[in-house]
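Structural description and commentary
Letter by letter, the chains look like this.
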Amino acid sequence: MAILLLIGAALFMALVFGPQLWVSATMRRHGAERADFPGTGGELARHLLDEAGLQHVKVERIAAGDHYAPDEKAVRLSAANFDGRSVTAVAVAAHEVGHALQHAEGYGPLMLRQKLAGLAININRLGAVLLMATPVVFALTRSPVVLLGQTAAAFVIMFATVVIHAVTLPTEFNASFRRALPVLERYIPADDMPAARSVLKAAALTYVAAALVTLLDITRWLRILRF
């Protein structure tokens, strides 16, 4: 029985952390500097935005967490990708520019994603509040039905964040393979395209990898509540 529990725990940890580790490993593997590349990730992003007539969209260097911010109309790249001349740097830059192009076109799935992203944050906070309140409510009511109902509702709310992140996949794959990939075929050597495809796939799966970590939060609450 103990062995089965260990195997189950190992499989669960692999499910939660496996995609995130793969994304990080892929980005690192193709992050070597390339002197033959004509520009950095930040320079490519600026060029692609200008080429698309999006001069008003900013390109900004940040500490970490590459993303496109629709509200601020800014492509934000980590320092390594903003300043780097690597397959990872240019592929990530092209991917984030892809989101800017989606925004400019009013791409429906991106608009839905933006609404869901804010909803996911609020849902996760509500789930955490409900779980923290569970011992208090049970102490006041002494009702197992109330306890089970409140706990079930909280877990459903927290699990919903995983689902919300999962439905953003079409937006991510569109940015990577319908927008960034054709651009990269014009700017980097053909021999580097397999690596670029790997990085673009990793960029598309970043949200899913992050969403799976939510499952770990749920198990932490289970331990706290001693279920």
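Everything below is about the structure shown above.
This text gives an overview of the structure that appears in the document. Computed from a predicted model, the values in this text were never measured in an experiment.

**Quick word on the packing of aromatic side chains**
- Taken as a whole, this structure holds 1 aromatic pair when the rule is applied.
- Sitting over the face of the ring of Tyr107, Arg179 holds its NZ or CZ atom 5.3 Å from the ring centroid.

**Considering the pattern of salt bridges**
- Scanning the model with the defined rule gives 9 salt bridges in all.
- Residue Asp192 pairs with Arg34 through a salt bridge whose shortest N-O separation is 2.8 Å. Note that Asp192 is positioned in the loop between helix 7 (169-187) and helix 8 (193-225) and Arg34 in the loop between helix 1 (2-29) and helix 2 (41-51), a separation of 158 residues in sequence.
- The class of Asp192 is buried, set by a relative accessible area of 11%.
- One salt bridge in this structure joins Arg46 and Asp50, with 3.0 Å as the shortest N-O distance. One end of the pair is Arg46 and the other is Asp50, both in helix 2 and 4 residues apart, which spans about a single turn.
- Classification of Arg46 by relative accessible area gives partly exposed; the value is 24%.

**What to know about the nonpolar core**
- With 34 residues, the main nonpolar core has Met27, Leu49, Val57, Val75, Leu77, Leu184 and Ile188 as its most contacted residues.
- Within the residue set of this core, elements represented by two or more residues are helix 1, helix 2, strand 3 (74-78), helix 4 (87-105), helix 7 and helix 8.
- Looking at this core, the element that brings in the most residues is helix 4, giving 8 residues.
- When residues no more than four places from it in sequence are discounted, the contact partners of Ile188 are Phe37, Val90, Met193 and Ala196.
- Residues Leu116, Ala120, Ile123 and Ile164 belong to the second largest nonpolar core, which totals 5 residues.

**Things to note about the packing of helix 4 against helix 7**
- At their nearest, the axes of helix 4 and helix 7 sit 8 Å apart, and the two run at 115 degrees to each other. Taken together, the axes of helix 4 and helix 7 lie roughly perpendicular to each other. Handedness of the helix 4/helix 7 crossing: right-handed. Each of Val90, Ala91, Ala94, His95, Gly98, His99, Leu101, Gln102 and Glu105 in helix 4 lies in contact with helix 7, whose residues at this interface are Thr171, Glu172, Asn174, Ala175, Ser176, Arg179, Ala180 and Leu184.
- Across the contact of helix 4 with helix 7, the residue classes tally to 7 nonpolar, 7 polar and 3 charged.

**Quick notes on the sheet that holds strand 2 (residues 67-69)**
- Strand order in the open sheet formed by 3 strands is 1-3-2, with mixed pairing between adjacent strands. One side of each edge strand has no neighbouring strand; the edge strands of this open sheet are strand 1 (58-62) and strand 2. Neighbour-to-neighbour, the strand axes of the sheet open up by a mean angle of 30 degrees, direction not taken into account.
- Set on the sheet, helix 2 makes contact with strand 1 and strand 3; between it and strand 1 the angle comes to about 165 degrees.
- Running at roughly 165 degrees to strand 3, helix 4 makes contact with strand 2 and strand 3 of the sheet.

**Side note on a nonpolar patch on the surface**
- A cluster of nonpolar side chains, namely Phe159, Val163 and Val167, defines an oily patch on the protein surface of about 250 Å² accessible area.
- Inspection of the secondary structure puts Val163 in helix 6 (residues 144-166).
- The class for Val163 is partly exposed, based on a relative accessible area of 43%.

**Considering the pairing of strand 3**
- With 5 of 5 residues buried, strand 3 lies mostly within the body of the structure.
- Sheet topology places strand 2 next to strand 3; 3 bridges connect them, and they run antiparallel. When the bridges of strand 3 are listed, Ala69 appears paired with Ala74.
- Where strand 2 folds back on strand 3, the antiparallel hairpin that results is connected by 4 residues, among which Lys73 adopts a positive phi of roughly 50 degrees.

Here is what the cut-offs are and how they apply
Residues numbered from 1 in each chain as written. Predicted model: local features only at pLDDT ≥ 70, side-chain atom pairs only at ≥ 80, totals over all residues. Heavy atoms only, no water. Phe/Tyr/Trp six-rings, centres within 6.5 Å; stacked < 30°, edge-to-face > 60°. Lys NZ or Arg CZ within 6 Å of the ring centre and 35° of its normal. Salt bridge = Lys/Arg side-chain N within 4 Å of Asp/Glu carboxyl O. Helix = DSSP H or I, 4+ residues; strand = E, 2+ residues; numbered from the N terminus. Buried < 20%, exposed > 50% of the residue type's maximum accessible area, 1.4 Å probe, protein only. Core = buried A, V, L, I, M, F, W, Y, C linked by side-chain atoms within 4.5 Å. Contact = heavy atoms within 4.5 Å. Axes fitted to C-alpha atoms, helices over the stretch in contact; angles between N-to-C directions. Parallel < 35°, antiparallel > 145°, perpendicular 65-115°, else oblique. Left-handed = near helix turned anticlockwise from the far one by under 90°. Nonpolar A, V, L, I, M, F, W, Y, C, P; charged D, E, K, R; others polar. Pairing = 2+ DSSP bridges. Patch = residues over 30% accessible without salt bridge, like charges linked within 9 Å, V, L, I, M, F, W, Y side chains within 5 Å. Areas by Shrake-Rupley, 256 points an atom, 1.4 Å probe, with all protein chains shown as cover.

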